[in-house]
Every structure is written in structure tokens, then in C-alpha cells.
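# Report on the structure
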Amino acid sequence: MNAPWKPAMLTVREPFLAFVSDDWTAEAIRPLVAEQGWSVDKVTKGGLPGAIQSLSVSASPQILLVDLTDIADPVAQINNLAEVCEPGTIVIAVGPVNDVRLYRSLMASGLHDYLLKPINADQLRDTIGQARTILHAPRAPDMTPEKAPCSVAVVGVRGGVGASTVATSLGWLMADRLDRTTALLDLDVHFGTAALALDLEPGRGLVDAIDNPSRIDGLFLERAMVKASEKLAILSAEAPISAPILTDGLAFAQLQDEMRLNFETTIVDLPRGMMIQQPMLVATAQTIVLVTELTLAAARDTIRLLAWIRTHAPQATVLTLANRVQPPAQSEIAQSDFEGSIERPVDFVVPYDPKLVVQAAKVGKPIADLGRTSRTIAPLIELTQRLCASAELGGAAMPARRGLLDRFDLKSLLTKRTRAD
């Protein structure tokens, strides 16, 4: 909980909240709270259980005080608090148990301090002063070079060309091979396969975002996205097909904007029909990858989509990827004829490896993970490198940020207060 602080959050988080167990403790704390210039209304009853319940649906404060009175297993409950408490929050606990082993366990769990009840005003005043000093102390600059943001929309020109497979593989490669924090957004709300391809449960985050666009912010993403690996997180859904999704696209656009602020790479698996109905979804994309196949129907639809993109997303670089390419004797049309039809070369050609595709589906892993030596993967690796190079050359500079993936495993943030940034 004493994780590296984010100065940008100073303006949006409460400076102080207290959840106490009795009126006497509340009355003892309120004068000290008023001394700091904070509202005494931020001292409420509920103790540690109340804090966990409240912070599960609202942002954490800069400084949090919790009362451990009548808590059977304080260390376990502090760990539960960490699940809902944002990094950067400094936690002070008060309680009636005077036990050095409990104190050491609580401190090892990430507390800033543990004070005995009844409250000693001078001790609490000093502890709050120390917490404020930590919050506002200058931090050593992050010497890791800032990666240029990379925003990619993957669109299949026809159903069944493997756009979702490509999007999932790109996400995995960005995170695993290029060490970029990566968000994968699957906008096929009813039939998306991003979670399925990674053997994950999709959750309700995407549906909740559609129902309540006003809730979308960094905290919402942190709780709604599913972590697939250390640097890859996904947001997808398997909404009931009996429940049609009615949206003007605003929630999807907000999700993309928020992801760009918190991840180095954003990959959107975007159904072509949704793109056409909601042009705003590609209005800020750096690159659009059109996934196609070497067929007459795909050539026709590629031509139409290229023309549409020139009109509605002129800022985007368009790359064409021919997927599941069979040997020439088995292709419906030759690659040269396809390129002549669309009046441009195909940028990437991905050979079809049916055994790899079947095996990846069976074990719930992206083909890029299983087929490290397959000819199928080499073009995808080349594509990720080109996407990043394009971002480095043409991406606008953005303020330094720390990715949400650094905050996904909140239990790992329960470190001693001496941990350095």
C-alpha cells in the first residue's frame, strides 16, 4: 500500500479517511483531523470491515486510518484491504492489542504504523505528519526510458479471417517480447474470443462500462480488466445473446482513451460492423491492421474498407495482413492478383499452420506463445516491431505515467514501508 505515489492523483483523491469502531475513538481523532485542515466528516464508523466495503466501490484516500478493534485476524483483513486499496495510500491502523508479534506482522504487511488505543494525540499527530512528509517528498526520477504509446486497431475484412487470433498474438508479443504494458480490448461484446484464447474468464467489466460510461477511469480499468500475464491485461465480455447491447459508442471510445493513458500499447479487436457504425473508434488510432485472406470476397471488402478508412481515419497508418495463407496451388486467388485488385502490396503474409492453431485452442494459449519456431509467427513478430517503430517515429510525446499493470497484483504491493520507488 505504500507503493510509489502518483502526484497526478493528489487532485482527485481524498487527503484523509478514517474508519473507526467506536464513538470515543472518533471524538479523539476529529480534533487532530481539523488541525490538518481536513473535514471531520471524513471520520466515520465501521472499522476495518467498513473501510474494505467502502473502498471496493470508491477511490482510496492519500492517508487511511482503520480501526482493528474486534478483528479476529487483523493481518488477513489487512491483506483484504490491499485488494481494494490503491497503491500510494498510506495506511495507519489503531487497535487495542499490545503484542509485538502482531505489530511486526502488520508492519510487514505494508502498514505505515500501528498505534494503541486509547489514542494518544501526540503520537497520532506525529504519525500523520510523517505520512504527509512521505506523500510530498521528492521521488527519484524513473530512469527507464519512456516508451512511445502505441495504439492499434485490428479489423477483419470478413468474418473468420482470424482477426481475433492476430489481435491476441500481437498483445502477447507486445507484452512478452517487447516488454510493453499492453491492454487488449475485445469489442465483440457477445462473441469475443480474447479471454477464451487465453483461458481466462472475461468478467463483467466491459458490460458494466457500456451500462455506466461515467464510471470509466483508471480505477475502473484496474478492477475490470483481467490480467493475462505480468504485462498483458484484457477487457472482454460474453454478454448474453438475449440481451442486445444498446450504445452510442461513447463508452468504447472512453475505454480506449483511458487505456492509452495507462498502458504503453493498446490493441483493439474491432469488428468491422462496429467500426463502420462508430467511426469514432478509429478516429485516434495510430495504426489499423486489416486482416484479410486471399479470396475474391476478401479482396472486394478490403478495397471498400481501405476507401472507408481514408475518409474516416485519415490519420491512421493502414497495414494489410493476409492471414492463414495456403500454398499457391490451394489459394483461391494468387497473392499478386489480390494485390493488383486492392492496388497496393500486402504488408504481411502469415502462413497457415493448422496444427498450431488447434493446439493453441486446446491449451488456451496464443499461437505466438506456442509456435515460437513456426513460420506462422515470424510475420507477426515483424508486425509488432513495425508497430512500435512507427509509434517511436510518429507518436506524440505524452506525460510520464506508470501503467495499471504495475498495480494489478495489489498483494505484491504489501511491502515494508522502507521499499524504494
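Check the entry above for the structure.
Description of the structure in this document. (Residues numbered from 1 in each chain as written. Predicted model: local features only at pLDDT ≥ 70, side-chain atom pairs only at ≥ 80, totals over all residues. Heavy atoms only, no water.)

### Describing the overall build of the protein
- Looking only at helices and strands, the protein features 16 helices and 13 strands.
- Burial statistics for the protein: of 421 residues in total, 51% are counted as buried.
- Surface exposure of the protein reaches about 19300 Å², of which carbon and sulfur atoms provide 53%. (Helix = DSSP H or I, 4+ residues; strand = E, 2+ residues; numbered from the N terminus. Buried < 20%, exposed > 50% of the residue type's maximum accessible area, 1.4 Å probe, protein only. Areas by Shrake-Rupley, 256 points an atom, 1.4 Å probe, with all protein chains shown as cover.)

### What to know about the environment of serine 164
- For serine 164, the location among the structural elements is in helix α6 (residues 163-176).
- The exposure class of serine 164 is partly exposed, given its relative accessible area of 24%.

### Quick notes on the sheet that holds strand β8 (residues 226-227)
- Across the sheet, eight strands lie side by side as β8-β9-β7-β10-β6-β11-β12-β13; this open sheet has mixed pairing. The open sheet has two edge strands, β8 and β13 (348-351), and neither has a second partner.
- As paired strands, strand β7 (residues 182-186) and strand β10 (residues 265-269) are joined by five bridges and run parallel to one another. Bridge pairing links leucine 184 to isoleucine 267 in β10. (Pairing = 2+ DSSP bridges.)

### So, the nonpolar core
- Judged by nonpolar contacts, the single largest core of 51 residues is most densely connected at Leu255, Leu270 and Ile288.
- Looking at this core, the element that brings in the most residues is helix α12 (residues 296-312), giving six residues.
- Other than its neighbours up to four places away in sequence, isoleucine 288 contacts Ala153, Val155, Val282, Ile309, Ala313, Ala316, Thr317, Val318 and Leu319.
- Core analysis: the second largest hydrophobic core is formed by 38 residues, Val154, Val166, Ile234 and Leu387 among them. (Core = buried A, V, L, I, M, F, W, Y, C linked by side-chain atoms within 4.5 Å. Contact = heavy atoms within 4.5 Å.)

### Re the sheet that holds strand β3 (residues 63-67)
- Strand order in this open sheet of five strands is β2-β1-β3-β4-β5, and the pairing throughout is parallel. Two strands lie at the open edges of the sheet, namely β2 (43-45) and β5 (113-116), each paired on one side alone. Geometrically, the sheet is characterised by an average inter-axis angle of 20° between neighbouring strands, direction not taken into account.
- In the sheet, strand β4 (residues 90-95) pairs with β5 via four bridges, with the strands oriented parallel. Of the residues in β5, the one forming a bridge with alanine 93 is tyrosine 114.
- Its contacts with the sheet place helix α2 (residues 47-55) against β1 (16-20), β2 and β3, and it is angled at close to 135° to β1. (Axes fitted to C-alpha atoms, helices over the stretch in contact; angles between N-to-C directions.)

### Let's talk about the pattern of salt bridges
- According to the stated counting rule, one finds 17 salt bridges in the structure shown.
- The structure contains a network of salt bridges with shared partners spanning Arg158, Arg272, Arg300, Asp301 and Arg304. (Salt bridge = Lys/Arg side-chain N within 4 Å of Asp/Glu carboxyl O.)

### Some details on α6
- For α6, built from 14 residues, the straight-helix expectation of 20 Å at 1.5 Å per residue is met to within 8% by its first-to-last C-alpha distance of 20 Å.
- The buried fraction of α6 amounts to eleven of the 14 residues, a majority that puts the element mostly inside the structure.
- Listed in full, the buried residues belonging to α6 are Ala163, Val166, Ala167, Thr168, Ser169, Leu170, Gly171, Trp172, Leu173, Met174 and Ala175. (Expected span 1.5 Å × (residues − 1).)

### Some words on the packing of helix α3 (residues 74-84) against helix α4 (residues 100-108)
- Put simply, α3 and α4 touch, their axes get as near as 10 Å, and they point 15° apart. As far as their axial angle goes, α4 and α3 are roughly parallel. For the pair α3 and α4, the crossing hand works out as right-handed. Together, Pro74, Val75 and Ile78 of α3 and Leu102, Ser105 and Leu106 of α4 make up the contact between the two elements. (Parallel < 35°, antiparallel > 145°, perpendicular 65-115°, else oblique. Left-handed = near helix turned anticlockwise from the far one by under 90°.)

### Looking at the packing of aromatic side chains
- One pass over the structure, following the stated rule, counts one aromatic pair.
- Both rings, one in phenylalanine 16 and one in tryptophan 38, keep their centres 4.9 Å apart while their planes meet at 10°; by these two values the pair is stacked. With phenylalanine 16 in strand β1 and tryptophan 38 in the loop between α1 (23-35) and β2, this pair connects stretches of sequence that are 22 residues apart. (Phe/Tyr/Trp six-rings, centres within 6.5 Å; stacked < 30°, edge-to-face > 60°.)

### Describing the pairing of β3
- A large share of β3 lies buried, amounting to five of its five residues.
- Burial along β3 is two-sided: Ile63, Leu65 and Asp67 facing one way and Leu64 and Val66 facing the other are all buried.
- Of the pairings in the sheet, the one linking β1 to β3 comprises four bridges and is parallel in character. Among the inter-strand pairings, leucine 17 is bridged to a residue of β3, identified as leucine 64.
- As paired strands, β3 and β4 are joined by five bridges and run parallel to one another. When the bridges of β4 are listed, leucine 64 appears paired with valine 91.
- The β-α-β motif built from β3, the intervening α3 and the parallel element β4 has right-handed crossover chirality. (Right-handed = clockwise from strand over helix to strand, strands pointing away.)

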